[in-house]
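# Analysis of the macromolecular model
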Amino acid sequence: MLSDDKYSFRWSDIGDISLGRSNLGNTTNVAVYRLMQYTMRSVLNSRFGSELASEMFYESGKLAGQEFCKNRLNCNQPFNQFLAQLQEQMHTLNIGILRIEKIDLENMNFVLAVAEDLDCSGLPITNETVCDYDEGFFAGLLGVYTNKDFEVKEVDCWSKGDRVCRFTANLKV
Ligand SMILES: [Zn+2]
């Protein structure tokens, strides 16, 4: 076993929130989430450069998507039901409002749009997409469900001046 295995993510790392936060409960403020994300991005950018920092966010999102799929979704149901459950979960957990814009099961390519995205809705316009974590998240989810490797790219983002984040998902070649 590798020595750094103890740092590998397990769903149990999230802990027993109802036990630990009996008064404050299960919710926080979106600003707090973004404060962590964008300070972390800032540090990773300055230590490793923006390209590697983006890759780290993508990879973390992918791991999150894989674990989310295994722990919060039923991966053994028909694809439409799987997507409906994902949509419902993303709404319930206030991640964003998911709309499936294109499903091509034959070629395994999809277009997903997220309105009111947790990561970027309301951000200043920088003309760059910022949702690397979400790209990875969808790649992880689709990867576990289909047992194939996906490449997900954000093509529209609030921070590019769009009203929704839009992602294309294709099989990795
Ligand atoms: Zn975005």
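Residues numbered from 1 in each chain as written. Predicted model: local features only at pLDDT ≥ 70, side-chain atom pairs only at ≥ 80, totals over all residues. Heavy atoms only, no water.

### Some thoughts on the side chain of Arg41
- With respect to the helices, strands and loops of the structure, Arg41 is situated in helix α2 (residues 30-48).
- Assessed through its relative accessible area of 11%, Arg41 is described here as buried.
- Excluding residues that lie within four positions of it along the chain, Arg41 makes contacts with Ser54, Phe57, Val130 and Asp132. (Helix = DSSP H or I, 4+ residues; strand = E, 2+ residues; numbered from the N terminus. Buried < 20%, exposed > 50% of the residue type's maximum accessible area, 1.4 Å probe, protein only. Contact = heavy atoms within 4.5 Å.)

### Some details on the coordination of the zinc ion
- Coordination sphere of the zinc ion, protein contribution only: Cys120 (SG), Cys131 (SG), Glu154 (OE), Cys157 (SG) and Cys165 (SG), at 2.2 to 2.7 Å.
- Taken in sequence order, the residues that donate to the zinc ion follow the motif C-x10-C-x22-E-x2-C-x7-C. Of the two residues, Cys120 is situated in the loop between β2 (109-115) and α5 (132-146) and Cys157 in the loop between β3 (150-156) and β4 (164-171); the sequence distance between them amounts to 37 residues.
- On the basis of relative accessibility, which here comes to 0%, the residue Cys120 falls in the buried class. (Donors = N, O, S within 2.8 Å, 3.2 Å for Na, K, Ca; no water.)

### Regarding the layout of surface pockets
- Put simply, the largest pocket is a space of about 1700 Å³.
- Every residue lining the largest pocket is counted, 38 residues in all, and those nearest its centre are Tyr33, Leu93, Ile95, Leu118 and Tyr133.
- For the lining of the largest pocket, the elements supplying multiple residues, two or more each, are α2, α3 (50-72), α4 (79-92) and α5.
- Residue classes in the lining of the largest pocket are distributed as 23 nonpolar, nine polar and six charged.
- Its boundaries defined by the atoms lining it, the second largest pocket holds a volume of some 150 Å³.
- Of all the secondary structure elements, the ones that give two or more residues to the lining of the second largest pocket are α2 and α3.
- Broken down by element, the residue count for the lining of the second largest pocket peaks at three residues, all from α3. (1 Å grid on protein atoms, 1.4 Å probe; cavity = no way out; pocket = protein on both sides within 12 Å on 5 of 7 lines; lining within 4 Å. Points joined across faces, edges and corners; volume = space filled by probe spheres on them. Nonpolar A, V, L, I, M, F, W, Y, C, P; charged D, E, K, R; others polar.)

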